[in-house]
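Observations on the model geometry
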Amino acid sequence: MIRHVERLALYAALLGLWELLFRLELWPEYLFPSPLGVLESLLTGFANKTFLVGILVSMKRILLGYGLSLVFGVAFGLMLASMKLLDEFLGAPLLGLRTLPSICWLPLGLLWFGLNERAILFVVVMGAAFSISLATADGVRNISPIYLKAASTMGARGIRKYIGVILPGALPSIVTGMKLGWSFAWRSLMAGEMLFVSLGLGHLLMMGRELNDIRQVIAVMVVIVAIGVVVDRLVLGTLEERIRERWGLENP
Amino acid sequence: MELVLRNVSKTFRTANGPIKALEDIDFQVDTGEFVCFIGPSGCGKSTVLNIIAGLEKPDPHSTVSIDGSPVEGPGPDRILIFQQDALFPWLNVINNVEFGLKMKKFPNEKVRPLAEEFLRMVHLSRFRNSYIHELSGGMRQRVALARALVVNPKMLLMDEPFSSLDAQTRERLLMLLQTIWSIIGKTIIFVTHNIREAVCLGDRVIVLTASPGRIKREFRIDLPRPRRLGDGRLVETSNLIMGDLKEEIDKVVREEMGDD
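Residues numbered from 1 in each chain as written. Chains lettered and ligands numbered in written order. Predicted model: local features only at pLDDT ≥ 70, side-chain atom pairs only at ≥ 80, totals over all residues. Heavy atoms only, no water.

1. Focus on the overall build of chain A
Each helix and strand in chain A was counted, giving ten helices and zero strands. Listed by position from the N terminus, the elements making up chain A come as α-α-α-α-α-α-α-α-α-α. Judged by the C-alpha coordinates and their principal axes, chain A covers about 75 × 55 × 30 Å. Counting across all 252 residues of chain A, residues that qualify as buried make up 41%. Per element, the accessible surface of chain A, about 14300 Å² overall, is 70% carbon and sulfur. Across chain A, the centroid of the 22 positively charged side chains sits 11 Å from that of the 17 negatively charged ones. (Helix = DSSP H or I, 4+ residues; strand = E, 2+ residues; numbered from the N terminus. Buried < 20%, exposed > 50% of the residue type's maximum accessible area, 1.4 Å probe, protein only. Areas by Shrake-Rupley, 256 points an atom, 1.4 Å probe, with all protein chains shown as cover. Lys, Arg positive; Asp, Glu negative; His and termini not counted. Charge placed at Lys NZ, Arg CZ, Asp CG, Glu CD.)

2. Quick notes on the interface of chain B and chain A
Chain B puts 24 residues into the contact, and the matching count from chain A is 20 residues. Both sides of the chain B and chain A interface together cover about 2000 Å² of buried area, and 69% of this is carbon and sulfur. Scanning the region where chain B abuts chain A turns up zero salt bridges. On the surface where chain B and chain A come into contact, there are five residue pairs in polar contact (both at pLDDT 80 or more). Among the secondary structure elements, those contributing two or more residues to the side of chain B that touches chain A are strand S6 (78-81) and helix H2 (93-103) of chain B. Per-element accounting of the side of chain B that touches chain A gives the leading share, four residues, to H2(B). Partitioning the side of chain B that touches chain A into residue classes produces 14 nonpolar, five polar and five charged. (Contact = heavy atoms within 4.5 Å. Buried area = accessible area lost by both parts, 1.4 Å probe. Salt bridge = Lys/Arg side-chain N within 4 Å of Asp/Glu carboxyl O. Polar contact = N/O pair within 3.5 Å; in protein donor to acceptor, adjacent residues only side chain to side chain. Nonpolar A, V, L, I, M, F, W, Y, C, P; charged D, E, K, R; others polar.)

3. Here we look at the layout of surface pockets
To find leftover empty space, a probe the size of one water molecule is rolled over the atoms. Residues and elements named next belong to chain A. Taken as a whole, the largest pocket spans an internal volume of roughly 420 Å³. If you go around the largest pocket, you meet 22 residues; those closest to its centre are Tyr147, Gly169, Pro172, Trp247 and Leu249. Sort the elements by how many residues they give to the lining of the largest pocket and helix H8 (residues 158-195) lands first, with five residues. Along the lines of polarity and charge, the residues of the lining of the largest pocket split into ten nonpolar, eight polar and four charged. (1 Å grid on protein atoms, 1.4 Å probe; cavity = no way out; pocket = protein on both sides within 12 Å on 5 of 7 lines; lining within 4 Å. Points joined across faces, edges and corners; volume = space filled by probe spheres on them.)

4. Considering the domain arrangement of chain A
In many reports, interface size means the accessible area that the parts give up when they come together. Residues and elements named next belong to chain A. The domain architecture assigned to chain A consists of domain 1 (1-30) and domain 2 (33-246). Domain 1 and domain 2 are separated by 32 Å when their C-alpha centres are compared. Between domain 1 and domain 2, the contact holds six residues from the first and seven residues from the second. Between domain 1 and domain 2, the buried area comes to about 610 Å², and carbon and sulfur atoms account for 64% of it. At the surface where domain 1 touches domain 2, the tally comes to zero salt bridges. Our count for the contact surface shared by domain 1 and domain 2 stands at one residue pair in polar contact (both at pLDDT 80 or more). Broken down by class, the residue content of the side of domain 1 that touches domain 2 amounts to four nonpolar, no polar and two charged. (Domains from an automatic or database assignment.)

Written out as structure tokens, the structure reads:
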């Protein structure tokens, strides 16, 4: 309880310092806005619904893209883990591709799909799917052999074995991959939206720049951070914690 | 006559060349018999169980058969119970017990009542909705027992199931296992490194030698049941077997120390 209070006090102090710097008028207002100005821009943005539309458009894209990469990523990860040959051929190149910043897929997406939604979807999927499939494959390989032995003596085979034992056994690792995949997907979506796609939060950010409205720029950044943190910590973080606890794993 | 092993050997290929874990194991177990294997660690006790379970293949000339038909792979007629942590943590207690039934495609409406019945047998009905991480070690092994028995196997293969439990819990589980065995009358093959535990449970106790594992001697235990670990005659019998086993343990120690 005390820690929450202390933390709030610290945030308040930081905001105070920001306001103080603003009052000192070291920089012109169009380069260094006040926190109140940003708050005002945030409120106007929500009041005239531009932010709401931006959030909705971006969320729709991320849900679709992230959902697709979850499906493809897990399916591909299971294949990697169960086919040794595939893993030997593709394991190393996949690790390499994961280090490619996902926005680097954009030119390819643009050439393949043109200047449209499908190009941005492609970038989001490529950004998240590699982490998810590598984590899935890793999770399957690290399932305690005793679970597999127990399952096979009880007659688990084929698809039932996958659904009943292998997927749940790999779940802690899959969720970790989902967290990583989420941060890649969210970043690449914002980058993609800034570069060309209309509407969406990334686009609002660029619009702020074009209008020379630094308060809007920072307000949109706040919204982007907020969404990223809420999904990472509250949604995926809680899920990860619950799973690790139930699976009897210590929390990282 | 139910389970027959003839000339069963097992060689593991390792980086340092082949290692013979088992050599010419020969024995048979009758239906409903309780047989315990003891031996020093590394003597291949668990390998015998894994071979019977069909999880490992013995060397080519070996034969393992149940009621006359050869063992080809794992099957729900032989359920293995492990030392620990073989329950699925993503399922609650009752779903763990139901797992084998669902894999056998048992009719849905019969699954739950049957699972409840076996959970009652191990006195864990109250914990049907708990998750595995909420249970003590002894409770987990009771769930494992229920999960194994519910699929109605021909035999139970138990691989040091009580060795990570504290003394009191182990004593209580030894009683429970004897009670359950006297009711259901299944064949049980039980592997342990604890002589008293073996004498407490087995109709026969088979002593294995150290690497490679061979059958050194077999003892028939005719003490009245249920048996308790502290019982005088049980301790006497255990000491007798201990003499035999100690030779083997010393051999292992000598080998492990003498190699360097």
